[in-house]
There are 2 protein chains.
Amino acid sequence: MKIILLSGGSGKRLWPLSNDSRSKQFLPVLRAPDGSPESMIQRVVRQLRDAGFGQDITIASNAGQKGILMNQLGEETEIIAEPERRDTFPAVALACQYLSKVRGCPDDEVVAVMPCDPFTTDGYFRVIGEMAEAVRQDRAQLVLMGITPDRPSSKFGYIVPEGKGETPMKVRRFTEKPPVEEAERLLEEGALWNGGVFVFRLGHITSISDKYQKHSDFRGYIENYAQYPRTSFDREVVEKARDVAVIPFDGEWKDLGTWNTLSGELGSPSSGNVVMGEHNSNTHVVNELGIPVFCDGMKDAVVACSPDGILVCAKNDTETLKDYTDRLVHRPMYEERRWGTSRVIDCAEYPDGFKTVAKVIAIKAGGSINYHLHRRRDEVWTIVNGTGLLALDGKVSVLERGQTVRIGAGMRHAVKADGELTIIEVQMGGVLSEEDIETFPWDWKDR
Amino acid sequence: MKIILLSGGSGKRLWPLSNDSRSKQFLPVLRAPDGSPESMIQRVVRQLRDAGFGQDITIASNAGQKGILMNQLGEETEIIAEPERRDTFPAVALACQYLSKVRGCPDDEVVAVMPCDPFTTDGYFRVIGEMAEAVRQDRAQLVLMGITPDRPSSKFGYIVPEGKGETPMKVRRFTEKPPVEEAERLLEEGALWNGGVFVFRLGHITSISDKYQKHSDFRGYIENYAQYPRTSFDREVVEKARDVAVIPFDGEWKDLGTWNTLSGELGSPSSGNVVMGEHNSNTHVVNELGIPVFCDGMKDAVVACSPDGILVCAKNDTETLKDYTDRLVHRPMYEERRWGTSRVIDCAEYPDGFKTVAKVIAIKAGGSINYHLHRRRDEVWTIVNGTGLLALDGKVSVLERGQTVRIGAGMRHAVKADGELTIIEVQMGGVLSEEDIETFPWDWKDR
């Protein structure tokens, strides 16, 4: 079996910890069994490895997440990045073409597609094994996981099975996010929540993909990705499938998609530099800033502080956050990259339109930043920790603590860390944009 | 009449906006009549000027506040800075010696001592005029202001007058911060709160001062300041006075000393980069940070964010804040100086003990920083806005936007702004301390 983990998402509902660069599945807010911080995707991959699926994981993602995925899951992680954001059907189709064309999987290979961020227990992965077995035995063309509901929620899609017999049960129909009253009736019918896990044979998806485009090698699918329709896997595959079955999972399963649900899983009432007074109840404070937070007298509240902003919210009101984040979100202030992290510590704009951004850039031991230039800004680097190599307009020099480097607009530069390398960068110019970058090949070994 | 404004205080109860460098009277959280932000001391000085006392103000303060006082009240402000912090009696005695020895005031000059931060109305200053008139007519040796209480508070000192007759009323006795039950009995007796305003003849205080030290000129009192006992004006002067009278003031009077009382006077529910949701009630958010705050679902709460930290607190629990601030307070992150402002944007310490602090230094047009050196740190300056002059080890050069200046340990440097000058400074070293500074004379005109 192959497993395609869908890693998409935006940063709106867990603002300010999540942002366009760090989606919710990457937040290190959970606890691994050894007590260290763990993100949702790290937890799922750990659970998959424990269940024996470690070698079978392919991650369907986008180019912007490639760095953080490698940083959190290891450089060897198999990542299929869509060239542009479309929807879940194109993302799954592309990953399936990769399995077929690059990995050489046969058409009858069993494939499971699943989300990268359910908060669940080991039984969940046993059910995935049962779903795969059902497909292998041709009990259905497509097997879904049905989560046993614990309340008539209007936030989920519902799967209505035929009867309550032996699994896999045949699916009679689907209902998308019904009102609560209808959800109550659905529960009486024995309906299950759609958990977003789908198991099928590879050839089933590649033949649907063929309706839109056919290429002899994988690169063709990357280059013509826009030919896939912007449609969801549910609409394009599930709703059109000949026979669909469902296997229920009735263990712990949570969508930690809002602060209200997430805070229940946080290891401790506070993390980071936080002092809690004596009059708080059911209140969680997460502080990723260097400055202290003092919290007292709060009830059923969540406080979250990051370089992107500060959230102070009653837990029951966190659902409304996504309605406001457009007014809150600017450029991501904290970014996790393949080579390390980048954190904005100050932004300013002067009356004449001149702008400055100061950042702390922390490059991992052995990490390197590509050879590149900016046309519209100057940068001043002060090396504050570690050692490394700098390539500047073709000349290589050693970087050491205390050094200052001036990188004028148009100057090509690359950097490589020996140990951890920390740089305070001051960007200056009339235009400071992430798009103002041109990259060039560079090989440190040649020099 | 001369007016001595007592400007002391620490930054604990209005943390994180107040800190050791910016006491509560300097917070620009009130609104001037023209709508611009105003601090408590700016408000009191404006009210004194409106009442015709503008030429009579002397501020008894300490060296650390001199810069911020000049910044907020003007360069010409008369400030008597105590050489070290002692208590209110030495501070008043020193200011009185200044009036006597430097300003040449006669012994029968009427002097009013008052706090710099009562939130009150014009009638307050009329009462001060009446108090001065009572001293001028020798109705008493010392006249106090009694605030008409609106509740039996245990937070104030009480003045019990004899009868309720014509003012000034003779004072029978004082009671310091009684329990609420006793405060209730005191109210029945017609007791008043001690408002901390005292009017007397200059010679009364200078003769008490003479018991501790006598010098022919003012410098003697500065140099021997430690000879004054560490005692309060109440204990040394009020309790020992021959005849004390009180004049009541029954207008608006508030001690804006906690977030609970201060938030009632804030002009708007939020200030700074704040988005308020639709489910807040009686909640105030003050944000001095560049990043946005989102607040929703809060009731009777105050949120305050500054470079020093973040407060999230039920208004009724803000009284307890001072019990925690020792655990919260580190070096002041935001400082207002004579020449402008300094704001820490990042601090780090590396495993080998090496430290960095990044600051944004904004120097006012025409402002200058003294010629000085640091023994134990290097600094890198990047000029991001404005122009100015740099003196570096005796050589003067022009500073312009985009320039980088490296100031090694031991190098003497001074800077002077033409227009507003903004510098991003990176400090680096094993020891980063405000005490690591030696200053030298420097005259820009000589060069």
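As a starting point, this report considers the structure included with it. Just so we're clear, the structure is a prediction, and the values are computed from it rather than from any experiment.

**Examining the overall build of chain A**
- On a plain count of helices and strands, chain A comes out with 10 helices and 30 strands.
- Relative to its length of 447 residues, chain A is compact, with a C-alpha radius of gyration of 24 Å against a globular reference of 22 Å.
- The 447 residues of chain A split such that 58% are buried.
- A fraction of 67% describes how many contacts in chain A between residues 6 or more apart in sequence connect residues 24 or more apart.
- Carbon and sulfur atoms make up 45% of the accessible area of chain A, which amounts to about 18400 Å² in all.
- With 55 positive and 66 negative side-chain charges, chain A shows a separation of 3 Å between the mean positions of the two kinds.

**A short note on the interface of chain B and chain A**
- Listed per partner, the contact involves 57 residues of chain B and 57 residues of chain A.
- Interface area for chain B against chain A, summed over the two sides, is near 4400 Å², with a carbon-plus-sulfur share of 67%.
- Connecting chain B to chain A are four salt bridges.
- Residue D352 of chain B pairs with R401 of chain A through a salt bridge whose shortest N-O separation is 2.8 Å.

**What about the environment of S306 of chain B?**
- With respect to the secondary-structure elements, S306 of chain B resides in strand 18 (residues 301-306).
- Taking the relative accessible area as the measure of exposure, S306 of chain B reaches 1% and is therefore buried.
- Once the C-alpha coordinates of S306 of chain B and E319 of chain B are considered, the two residues, 13 residues apart in sequence, prove to be 19 Å apart.
- Once you skip the residues sitting within four places of it in the chain, S306 of chain B turns out to touch I291 of chain A together with P16, L17, E288 and L289 of chain B.
- At 2.7 Å, the side chain of S306 of chain B forms a polar contact with the backbone oxygen of P16 of chain B.

**A closer look at the side chain of E265 of chain B**
All names here are of chain B.
- Examined against the element boundaries, E265 turns out to sit in the loop between helix 9 (259-263) and strand 14 (270-271).
- At 2.3 Å, the side chain of E265 forms a polar contact with the side chain of K254.
- Beyond its immediate stretch of four places on either side in the chain, E265 contacts L30, F119, E252, K254 and L256.

**Looking at the sheet that holds strand 26 (residues 395-399) of chain A**
All names here are of chain A.
- Read from one edge of the open sheet, five strands run 26-25-28-23-30, paired in antiparallel fashion. With one partner strand each, in any of the chains shown, strand 26 and strand 30 (438-440) form the two edges of the open sheet. On average, each strand axis in the sheet is inclined to that of its neighbour by 30°, with strand direction left out of account.
- In this structure, strand 23 (residues 368-373) lies alongside strand 28 (residues 413-417), joined through three bridges in antiparallel fashion. When the sheet's bridge partners are listed, H372 is paired in strand 28 with H413.

**A short note on the relation of the copies chain B and chain A**
- Expressed as a screw transformation, the operator carrying chain B onto chain A has a rotation angle of 180° and an axial translation of 0.0 Å, and the superposed copies differ by an RMSD of 0.1 Å. Taken together, the rotation and translation describe the operation of a two-fold axis. Considering only C-alpha atoms, the part of chain B nearest the rotation axis is I345 of chain B, at 2.8 Å.
- With an isologous cut-off of 70% or more, the 100% of interface residues of chain B that recur at the interface of chain A puts this contact in the isologous class.

**Structural notes on the packing of helix 3 (residues 88-102) of chain A against helix 6 (residues 202-210) of chain A**
All names here are of chain A.
- At their nearest, the axes of helix 3 and helix 6 sit 9 Å apart, and the two run at 115° to each other. The two elements helix 3 and helix 6 meet at a crossing, and its hand is left-handed. Residues F89, V92, A93, C96, Q97, L99 and S100 of helix 3 pack against L202, I205, T206, I208, S209 and D210 of helix 6.
- Of the residues that constitute the contact of helix 3 with helix 6, the class distribution is eight nonpolar, four polar and one charged.

**Points about the pairing of strand 8 (residues 142-147) of chain B**
Residue and element names in this part refer to chain B.
- Counting buried positions over the six residues of strand 8 gives six, a clear majority of the element.
- Residues L142, L144 and G146 of strand 8 are buried on one face, and the alternating residues V143, M145 and I147, pointing to the opposite face, are buried as well.
- Relative to strand 12 (residues 244-249), strand 8 runs parallel, the two sharing six bridges. The residue of strand 12 that forms the bridge with L142 is V244.

Thresholds applied
Residues numbered from 1 in each chain as written. Chains lettered and ligands numbered in written order. Predicted model: local features only at pLDDT ≥ 70, side-chain atom pairs only at ≥ 80, totals over all residues. Heavy atoms only, no water. Helix = DSSP H or I, 4+ residues; strand = E, 2+ residues; numbered from the N terminus. Rg over C-alpha atoms; globule rule 2.2 N^0.38 Å. Buried < 20%, exposed > 50% of the residue type's maximum accessible area, 1.4 Å probe, protein only. Contact = heavy atoms within 4.5 Å. Areas by Shrake-Rupley, 256 points an atom, 1.4 Å probe, with all protein chains shown as cover. Lys, Arg positive; Asp, Glu negative; His and termini not counted. Charge placed at Lys NZ, Arg CZ, Asp CG, Glu CD. Buried area = accessible area lost by both parts, 1.4 Å probe. Salt bridge = Lys/Arg side-chain N within 4 Å of Asp/Glu carboxyl O. Polar contact = N/O pair within 3.5 Å; in protein donor to acceptor, adjacent residues only side chain to side chain. Pairing = 2+ DSSP bridges. Axes fitted to C-alpha atoms, helices over the stretch in contact; angles between N-to-C directions. Least-squares fit on C-alpha atoms with pLDDT ≥ 70 in both. Left-handed = near helix turned anticlockwise from the far one by under 90°. Nonpolar A, V, L, I, M, F, W, Y, C, P; charged D, E, K, R; others polar.

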